[in-house]
Amino acid sequence: MTDTTRKAPAAGRELSPRRKPERHPAPPVRSWRDHPLRRLTPWLFLLAPLALLITFTYVPVGNMIYYSFTDWDGVSPDRNFTGLDNYTQLFTRPELFRVFFVSFYYLAASAVQIVIALYFATLLSFDLRFRNFFKGILFFPYLINGVAIGFVFLYFFQDGGTLDSLLSWFGVGSDHAWLGDPRSANTSLAGVSVWRFTGLNFVLFLGAIQSIPGELYEAAQLDGAGRWQQFRHIIAPGIKPVLSLSVILAISGSLAVFEIPYIMTGGATGTSTFVIQTVKLAFQFNKTGLASACAVVLLLIILVITWIQRRLVPDDKVDLV
């Protein structure tokens, strides 16, 4: 027998099958989606903006509400709790609450500027010559600093100034002090706000109009619709959310006017607004508690008006296609 000959198994001995090694199931691979830290990831990204929002918005508002119930002068460490005394003074002293009526001048001016901005936005959204040039002219006043605007129009309305010179060219003599009478002063200041903020509403309306699909205008033209029909049935429904936003900004802005009247008149001759009065109470008369109450009331009025406007004109989804 050769060496390669295998030996026969012994009698009575059976060949046992070769045992295969046992395989344990591999542990499931856990993806990042199942990781516990994944739930915390959005909060980690929001941590910095939330910290800034709480620190510079909600904490100051909370402090303002607290100060409104005290007689703090803004300097002394003593803060005596006075309850609702500041709010009682605000609503019972006519000289404090009278400044609210000045806001009606700016509210009327806001309505005028919305109408003007909507008109020019609609007009320049169509194919016209030099429309980009006119767009720049309308938006340019909004880019100018409010302090510079105040000083420019201060010389414009002064006695013998630019306005009186322009009126004299047309044979209209005027020795009227435009900023010396409460009625003409508030009207003049409101006119300045129209000139300055029309560009902002114009850009908002123009962007909303240009986002409307052009196929709608083509279909309307094929049906024989004119400019007015296109505005009524296509543009007006399409820009309804932006128009609602402009109304909210107009109302809140008319109540919070500060820059232009403070620079041009300093709140004199009956042009003091609610914000100017609040600033004077806090930094000129050292009545920070009463000024805080004024700020709280202004905040509540704006919130209530916004809530009423949103209830009366809900922000429905518009589908023009």
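Residues numbered from 1 in each chain as written. Predicted model: local features only at pLDDT ≥ 70, side-chain atom pairs only at ≥ 80, totals over all residues. Heavy atoms only, no water.

Caption draft 1: Here's a closer look at the overall build of the chain. From N to C terminus, the chain includes 14 helices and 0 strands. Listing every helix and strand of the chain by position from the N terminus yields α-α-α-α-α-α-α-α-α-α-α-α-α-α. Looking at the chain residue by residue over its 321 residues, the buried ones come to 31%. Nonlocal contacts in the chain, meaning residues at least 24 apart in sequence, comprise 65% of its contacts between residues at least 6 apart. Approximately 21,800 Å² of the chain is accessible, and the part contributed by carbon and sulfur atoms is 65%. (Helix = DSSP H or I, 4+ residues; strand = E, 2+ residues; numbered from the N terminus. Buried < 20%, exposed > 50% of the residue type's maximum accessible area, 1.4 Å probe, protein only. Contact = heavy atoms within 4.5 Å. Areas by Shrake-Rupley, 256 points an atom, 1.4 Å probe, with all protein chains shown as cover.)

Caption draft 2: Here's a closer look at the packing of aromatic side chains. What the rule picks out here adds up to 16 aromatic pairs. A connected cluster of aromatic rings, assembled from ring pairs, spans Phe153, Phe156, Phe157 and Trp195. (Phe/Tyr/Trp six-rings, centres within 6.5 Å; stacked < 30°, edge-to-face > 60°.)

Caption draft 3: Layout of the side chain of Ser68. With respect to the helices and strands, Ser68 occurs in the loop between helix H1 (36-67) and helix H2 (85-92). Ignoring anything within four residues of it in the chain, the contact list for Ser68 reads Gly83, Asn86, Tyr87, Gly289, Ser292, Ala293 and Val296.

Caption draft 4: Just helix H4 (residues 103-124), in detail. Along its 22 residues, H4 runs 31 Å from first to last C-alpha, staying within 8% of the 32 Å computed at 1.5 Å per residue. Those residues of H4 not exposed but buried are Ser103, Tyr106, Ala109, Ser110, Gln113, Ile114, Ala117, Leu118, Ala121, Thr122 and Leu124. (Expected span 1.5 Å × (residues − 1).)

Caption draft 5: How the structure looks around empty space enclosed by the protein. The tally for this structure, following the rule as stated, stands at 1 cavity of 30 Å³ or more. The calculated volume of the largest cavity comes to roughly 40 Å³. In terms of lining, the largest cavity is formed by Ile248, Ile251, Ser252, Leu255, Ile302, Ile305, Thr306 and Gln309. Every element with two or more residues in the lining of the largest cavity is listed here: helix H11 (240-255) and helix H14 (288-312). Taken together, the residues of the lining of the largest cavity sort by class into 5 nonpolar, 3 polar and no charged. (1 Å grid on protein atoms, 1.4 Å probe; cavity = no way out; pocket = protein on both sides within 12 Å on 5 of 7 lines; lining within 4 Å. Points joined across faces, edges and corners; volume = space filled by probe spheres on them. Nonpolar A, V, L, I, M, F, W, Y, C, P; charged D, E, K, R; others polar.)

Caption draft 6: Structural view of the nonpolar core. Counting residues in each nonpolar core, the largest one holds 21 residues, and the members touching the most others are Phe202, Phe205, Tyr217, Ile235 and Ile239. Of all elements in the fold, only H4, helix H8 (182-210), helix H9 (214-222) and helix H10 (227-238) reach the threshold of two or more residues within this core. Membership of the second largest hydrophobic core comes to 18 residues, among which are Phe100, Val296, Leu298 and Ile302. (Core = buried A, V, L, I, M, F, W, Y, C linked by side-chain atoms within 4.5 Å.)

Caption draft 7: Molecular detail of H9. Listed as buried for H9 are Leu216, Tyr217 and Ala220. The arc enclosing the buried residues of H9, seen along the axis, measures out at 100°, which places them on a common side. In H9, the exposed positions angled more than 90 degrees off the buried face are occupied by Glu215, Glu218 and Leu222. On its buried face, H9 is in contact with H8 and H10. (Arc of directions from axis to C-beta.)

Caption draft 8: Quick look at unusual backbone geometry. Here the phi dihedral of Thr269 falls at roughly 50°; this positive angle occurs in a residue that is not glycine. Among the structural elements, Thr269 can be located in the loop between helix H12 (259-264) and helix H13 (274-283). Its identity as a non-glycine residue notwithstanding, Asn286 has a phi of 55°, on the positive side. Within the secondary structure layout, Asn286 lies in the loop between H13 and H14. Residue Asn286 is classed as partly exposed on the basis of its relative accessible area of 41%.

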